[in-house]
Amino acid sequence: MCAPTSTKASDVPKLAKLTSMTSVGDASSSSSSILANNAYNEDTRPSKDETSHIKAVTSTHSDHNRNTNYDMLWFLGPALICHLLGTPIYAIYAIGIARIISTRLTLTLHYLFFDKDNYLNKLPQKQLEREGSDYLVGTLLHMYAQIPLQVIFPAMFFSDASVIGVSALRAFVAHVLLVEPLYYAAHRWLHIPENMKKMHGFHHLSISTLPSTSLVQNFDEHFVYIAVFGPAFMAPFLLFWEMHWTIIGAYLVLFDLINAYGHMNIKYRHPIFTSKYSPFQYLFYTPEFHLGHHAFFRANYALFMPIWDHMFGTWRSYKKTDSDRLLPQKQQDFVFIGHNAGLAHFLTCPEWDIYAAYGPFRTFKYLPYMVEFMFCNMVGFACRMVMSAYTCSRYMINDQLIGRVICICRTPIDYINPKRYAAVNKDIVKLIREQHKAYGTKCFGLGNLNKMKQVNDGGQLISDMVKADSYLKDKDVHVWTGDTMTAASVYHQLIDLPDFDKIESIFFVGANGKIGNAVCKQLLANYPKLKIEIYSLSHTIENPNVTYTSDLANLLNHKVAVLGKQLSLRKYAKALAPARGASSKKSEATPYKCRLILDYTVPYIPIDLTGFQNIDHHQIAVLETSPTTSNFLKGHFDIGFGLEQHQIYPCHAGCIINTVYERKTDEVGEICVNDMMTMWKRGIELGLKNRPLPIKGPVKGKLLDHYVK
């Protein structure tokens, strides 16, 4: 369905700009970035003197990258060592596993109930990558440290169970009288510039914190904390020669939880903790107390008891104000309706693991698709017993509108089995009805499988069902696929290749789909000499420059191949096998021309090109939001989709653009080719652009020797 194309850029709604918080970088924890992070809060803004030392601190750690490939072996290491030394392993692993589970559970609960909708508190991908590789290092290191203690002092761990109660009391007293003051002194020592640069600066690279940021330390610094926290159970043992491993484990788990509470990046201001007349202001901290330490660096050094900062004059008030500037909780102007895409999608949900939210879509190489899909089907069935849809984080559009992704509880099997199509469409319309009733939302986009031609004729059936629904039919609700923007993105990714006008032919898989069909028509109209070979048995494009083939290996005969339909990786392996390892030079036998495979299928799954040294396979149809030049989108619009930070799929972006431009018609069914350039122009005006292809090898100026103009 074509949209009006006469709308000009000046027709964009004149949305009033709210005061925006400056986006703070990750590892660049310079004085300027610290000031920027607190610029909205004059009362707590640190001075330049307070942050003058920071630039010299962070450079040592900013490029830190730990190899996590052997973490499982490190985790199993204590079992081998304990076996060789003849000391029990159950205490070590009971404590270690309990700490890992409590840490992950804390991350999940924090994201679900406290920080999910705060689009002004978006954590940088670089910070998440750094923390994700380090936040469990301390737990693993403590497991190894426990081994020699068990060997030297077995009674510290394996005294009679009757001492558990009294040992708990002694550990608490030792923590208050020994650990708290020791930590305050050690923490101030760590902030000496030399020590800050050598160790503690790594922790302070995280300005905006997560609960698990509390566990992210430089490797050497972990040993400092072993010495500081050890007296909580070492001192009682040396005085009374009895202790129990359950108390040590409970202490470490509780310590992790309270430490995580201090890094939750939320405000909690009950008078019992904030009144100067309340003893709890001095005896137990709040998250804002420790957030103040990350903001000021030279204040609020205490562990859990601020009394030490009050005593030594280092206490300073800090107030987190970003959550005061959020748009109303009930506001929701646009909903993008998603779905589950397999096990990898589950594992990249931030509720499962915030550290896996960005990055490539992970696949399970050794697990057959149908086995994976059947497992997801069982999970989806269990989810539908308690809810029909899952609500993801909201984000802000143009500083005044609110968008959100909501996934219906449907998994790949539901889109494979035709008997389930009706149930899928019913769930989509049900979600639209519920969201309009709850929030008055009128603008809806359909995610990848929710707009399949087989399922609902490219969204046309959903549009018809909405118009026929007794509640929705007069509510001015609009349904969009965003496919026009995807087609525009693919088209421009192709024509922006160096010397594309000199390319004689391309190979196309998926040209019969509505996106591929629109792209081909636009190419044929604007590049009349270009020949297109389409992999398909059905002929849908009648043009003298278009030929069809059933031989997938023919893609090797074209410098550029475009993939718009997912095929089994085995099909590619079989088709490419005869030429695998062959030369690409014309002077040698069995040459191949292909240099570049551009793939806009979702999810993107790399093809095995072993033996083809001159062919690159890249994902396309991914837009960058240009956060440094545009405030078009803020918040969590790019997590859990196999994308990097500040990237968005064009179908999603296209629906958002329709929302901004207040489109009054549905965008379903076939793509209106005339609208492609209009949508692209609007996207460019809003700061969107195609993610550039990586530069390949030394730039020689030859056709496709490099991909970025």
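The rules we used
Residues numbered from 1 in each chain as written. Predicted model: local features only at pLDDT ≥ 70, side-chain atom pairs only at ≥ 80, totals over all residues. Heavy atoms only, no water. Helix = DSSP H or I, 4+ residues; strand = E, 2+ residues; numbered from the N terminus. Buried < 20%, exposed > 50% of the residue type's maximum accessible area, 1.4 Å probe, protein only. Areas by Shrake-Rupley, 256 points an atom, 1.4 Å probe, with all protein chains shown as cover. 1 Å grid on protein atoms, 1.4 Å probe; cavity = no way out; pocket = protein on both sides within 12 Å on 5 of 7 lines; lining within 4 Å. Points joined across faces, edges and corners; volume = space filled by probe spheres on them. Nonpolar A, V, L, I, M, F, W, Y, C, P; charged D, E, K, R; others polar. Pairing = 2+ DSSP bridges. Axes fitted to C-alpha atoms, helices over the stretch in contact; angles between N-to-C directions. Contact = heavy atoms within 4.5 Å. Salt bridge = Lys/Arg side-chain N within 4 Å of Asp/Glu carboxyl O.

Enquirer: Just to check I follow, could you spell out the overall build of the chain for this structure?
Expert: Scanning the chain from terminus to terminus reveals 28 helices and 15 strands. Looking at the chain residue by residue over its 709 residues, the buried ones come to 57%. For the chain, the accessible area works out to roughly 31,600 Å², and carbon and sulfur atoms hold 61% of it.

Enquirer: For this particular structure, what's the right way to read the layout of surface pockets?
Expert: Over the atoms a probe the size of a water molecule is rolled, and this reveals where empty space is left. Here the second largest pocket is characterised by a volume of approximately 1,200 Å³. Along the wall of the second largest pocket there are 41 residues; nearest its centre are T68, D71, G132, S133 and D353. Broken down by element, the residue count for the lining of the second largest pocket peaks at six residues, all from helix α6 (residues 125-132). Within the lining of the second largest pocket, the residues separate by chemical class into 19 nonpolar, eleven polar and eleven charged.

Enquirer: Can you help me understand the sheet that holds strand β1 (residues 334-338) in this one?
Expert: Taken in spatial order, the six strands of this open sheet run β5-β4-β1-β3-β2-β13, and their pairing is mixed. The open sheet is flanked by β5 (478-480) and β13 (633-635), the only strands paired with a single partner. Neighbour-to-neighbour, the strand axes of the sheet open up by a mean angle of 30 degrees, direction not taken into account. Across four bridges, β1 lies against strand β4 (residues 443-446) in parallel orientation. Bridge pairing in β4 places V335 opposite F444. The sheet strands contacting helix α27 (residues 650-660) are β1, β2 (389-397), β3 (401-408), β4, β5 and β13, and the helix crosses β1 at an angle near 160 degrees.

Enquirer: So what exactly am I meant to see when it comes to the pattern of salt bridges here?
Expert: When the charged atoms of two side chains lie near each other, side chains of opposite charge can form a pair. Going through the model one piece at a time under the given rule, you end up with 21 salt bridges. Between D414 and R384 there is a salt bridge, and its shortest N-O distance comes to 3.8 Å. Taken together, the positions of D414 in helix α20 (residues 412-416) and R384 in helix α19 (residues 369-384) put the pair 30 residues apart, joining distant regions of the chain.

Enquirer: Would you explain the sheet that holds strand β15 (residues 689-690) in this entry?
Expert: Think of a sheet as strands paired side by side through backbone hydrogen bonds, with each pair either parallel or antiparallel. Spatially, β14-β12-β15 is the arrangement adopted by the three strands of the open sheet, whose pairing is antiparallel. Looking along the sheet, the strands with just one partner apiece sit at the ends: β14 (647-648) and β15. Where strand β12 (residues 623-624) lies against β14, two bridges are found, and the strand directions are antiparallel. Looking at the pairing, L623 lines up with I648 of β14.

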